[in-house]
Structures are given as structure tokens and as C-alpha cells.
Amino acid sequence: MKVSYVDLPGQYLQQRQEILDAVDATLRSGRYILGEPVSEFERRFAALCGVQHAVGVANGTDALILALKALDIGPGDEVITAANSWVSSASSIALVGAVPVFADVGDDYNLDPAKLEAAITPRTKAIMPVHLTGRCCDMTAINALAKRHGLAVIEDAAQAAGALFEGKPAGSMSDIACFSLHPLKNLNAAGDAGAVTTHHQHLADRIAQLRNHGLMERNHVAFWAYNSRLDSLQAAILNTKFEKLQAVIERRRHNASRYREQIADLVQCPQPRDNARDTYHLFVIQAERRDELKQFLKEQGISTAIHYPVPIHLQPSSEALGYARGSLPITEAQARRILSLPVHHLLEDEHIDYVASQLRAFYRS
Ligand SMILES: *Cc1c(COP(=O)(O)O)cnc(C)c1O
């Protein structure tokens, strides 16, 4: 049996006619920049996230950069985030001229509110919690801490479209939140795409200008800015996927609990919480002899991934930040043990059972 880590062609074939019709209608309209597909996407995405405003942008990394810009974060400022994330969580901070500061994480890979406070300095301007794997951070604790210290909060919700924490959607629990709609995310385009969400009109207006040359109207530019609009064809494709998103998430949650039932005695599995709905963008286990296990599963036709093998603070790009090995002990220990198992919504029970049985076989031998 073969178990793929992702199956994008399979996902396309499930919706082929709908997607082709949406692309065809957009091409026939002759409006290829912004226009109705992007406005429709923004209405639907704002509703999904329980906010007043969503602004479509070119990708998740730009979403973070524009959000930091909208909050006037730049040289002389520090922003605290996690080092076990995709590199954009830190590169976005560095690219606006600010300094990324890393705090260690808890057992569930998310920033540990207890450790965050120690990373706050007089220069700290914002906290950027990352809802890693599609599991929201403890935003009640993080927002309370931010309030106490007068800091802004920017959710990096790139992996968490549709996730809930204490009944609130990812993207609605901070000043401004950033999403990626990259092909590998649960709500995905057929190329790069992203979005910013906020409750605040002035921040939404600012992001809309930042993504579109700083234009106020056609011929007047308020400030130097970017060309980082959500592509209209990608918006049209994304609009075909909203209705299926909840079913996609439910299937991933089903796959996650099926894994848990079968392998939780052998490896550390992500645990569900009563007060949250995790979306399992990733199903990350912690395993002894991780590299050997990965190789063994590969030989059995099962593809897996590591998110991420080298934490951001130990990347060559971070050298000037001055983090030594050992400075984030939990992040670093997890990087040696984590493995992402296939969990996508096209997997059948027999696939999950096969992965579980091969994992058992590995630890029996
Ligand atoms: C995917 C991702 C990003 C970047 O999104 P892109 O659309 O690839 O630019 C940022 N942060 C996290 C946590 C991500 O998973």
C-alpha cells in the first residue's frame, strides 16, 4: 500500500468542474486584478474567521510583513515569536527592520505563556503567537500578558484556518491576524495566496493600501508600499473551497483520533482539548529513533515530513541574532523527535490503519 503525505491532484479531481468553471468565468470577465472574486473571497474569509474585515494578499509571508507595517513596527522594535515555525514567522519581523526574539514552546509546540514574559524587554512592541499544526495557542493567557505590558498581538494563523479556541476562530483573537492559503494548507489555492484579518476598520484600510502601492484612489499614492494583491484567479479557486472546508477539517480530526487510538502507547500524539477545535494541518508525533522510523515508513510506502528539522534560531540567517545551541531547549529537543504523519482528508481508514500497523511493527522489531 502507498500512503502519500499530500494529494493535490486528487483534491483537484474531486472539484474539477467547479474549479474550471470558476477560472473560466474569471478569464471571461477580463478583470484579472482584484474585482469580484477577491471581494467575494474577503467576505467569506471574514465570516469564517468571525471578524469584520479580511484583506486578500499575495501569500502568508506578505500577510505578516504587511501586518507588522500596519502596526508601525520597524527598526528599534522587538517582536516575540516561536522558533519551531516556518521561517516566515521570523523573516517577516527582520524584513520590516525589527528584531525577532524567540521564546520556548510547550509540549503542544505552541508558545508557552509562562516563558513569554521573560522574553519581554523595554523594546518589545508585539507578540506573534503561531498556531502551529492548526492548534490555537492559549490566546486568553497571551492576550492578558500583552495587555499587561501594552503590547500588540499578531496571530500567525497560517496553519489554522477554521481552528477554534474557547469558541473563537483563529484570526479573531488578536489585533491583526495572518493566513497563508498556500497549496499545502487546509484551505488552499493552486499557487500562492494569503489573507489578513482584523476587527479594526483602520487596520483593514491600511492593509488594503499596503498591498496596492499605497493607493488612496486611482491616481494618488499616500505612502510607499507594495504590490501584494491576492490574485483574482486564485481567489476564484479559493471561493470554490469554502463549502468543503468543514468536511476537510472533520476528516483530518477523524484521522487524528484514529491514529491516537492505535499508536498513543508507542509515540507521543497530539492530545485534543475540551475548549478547542484543532484542525490538524499537521499531525505531529514525537518518536524515539525518529530518523530510523521515517526511513522504515518510507520503505513501507508511507511518506512523512518533519516540520521543521532546523529551528529558526539555529538557521544561518539567524546568526546575527546570537542564539547559541541550547538556548531554546524544548524547541531543540522536539526538533530531534518530531515527525508529521500523513493526515490529509483523502486518506481512508485503511490508510491510517496501515500507517499505524507499520509504526507498531517498527517498534516491535
Ligand atoms: C506557510 C506558513 C507561512 C508562510 O506562508 P506562505 O504563504 O508560504 O508565504 C507563515 N507562517 C507559518 C506558520 C506557515 O505555516
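Small disclaimer: the values here were computed from a predicted structure and weren't measured.

Cut-offs used in this document
- Residues numbered from 1 in each chain as written.
- Predicted model: local features only at pLDDT ≥ 70, side-chain atom pairs only at ≥ 80, totals over all residues.
- Heavy atoms only, no water.
- UniProt positions renumbered as here; feature names shortened; annotations may be inferred.
- Helix = DSSP H or I, 4+ residues; strand = E, 2+ residues; numbered from the N terminus.
- Contact = heavy atoms within 4.5 Å.
- Core = buried A, V, L, I, M, F, W, Y, C linked by side-chain atoms within 4.5 Å.
- Buried < 20%, exposed > 50% of the residue type's maximum accessible area, 1.4 Å probe, protein only.
- Pairing = 2+ DSSP bridges.
- Near = heavy atom within 4 Å.
- Polar contact = N/O pair within 3.5 Å; in protein donor to acceptor, adjacent residues only side chain to side chain.
- Areas by Shrake-Rupley, 256 points an atom, 1.4 Å probe, with all protein chains shown as cover.
- Nonpolar A, V, L, I, M, F, W, Y, C, P; charged D, E, K, R; others polar.

How would you summarise the UniProt feature "active site" (unreviewed entry) in the protein chain if you had to cite specific residues and measurements?
Following the UniProt record, the feature "active site" (unreviewed entry) maps to K185 here. Take K185: it is sitting in the loop between β8 (176–180) and β9 (194–198). Setting aside chain neighbours within four positions, we find K185 in contact with A158, Q159, S180 and H281.

I'd like to hear about the nonpolar core, residue by residue, with values.
Core analysis: the largest hydrophobic core is formed by 81 residues, its most contacted members being F45, I285 and L341. Considering every element that reaches this core, the biggest residue donor is helix α13 (residues 349–364), with seven residues. For L341, the residues in contact, after removing those within four places along its chain, are Y5, Y259, I263, F283, I285, L297, T304, V355 and L359. By size, the runner-up hydrophobic cluster in this structure holds 26 residues, among which are A63, A70, I93 and A152.

Give me the lowdown on the sheet that holds strand β12 (residues 276–277), citing residues and values where you can.
Hydrogen bonding along the main chain pairs the strands of a sheet, whether they run parallel or antiparallel. Sheet architecture is open: three strands sit in the order β7-β6-β12, paired in antiparallel fashion. Of all the strands in the sheet, the pair left with one neighbour each is β7 (168–169) and β12. Sheet analysis places strand β6 (residues 164–165) next to β7, joined by two bridges and oriented antiparallel. For L164, the partnering residue across the bridge sits in β7 and is P169.

Give a detailed account of the site of the ligand, specifying residues and quantitative values.
By nearness alone, 14 residues border the ligand, and G60, T61, D156, S180 and K185 come closest of all. T61 is positioned with one of its side-chain polar atoms (N or O) 2.5 Å from an oxygen atom of the ligand. In the model, an oxygen atom of the ligand is placed 2.6 Å from a nitrogen or oxygen of the K185 side chain. Within the complex, 93% of the 380 Å² of free accessible area of the ligand lies under protein. Breaking the shell around the ligand down by element, the ones donating at least two residues are α4 (60–70) and α5 (88–95). A per-class count over the shell around the ligand returns three nonpolar, nine polar and two charged.

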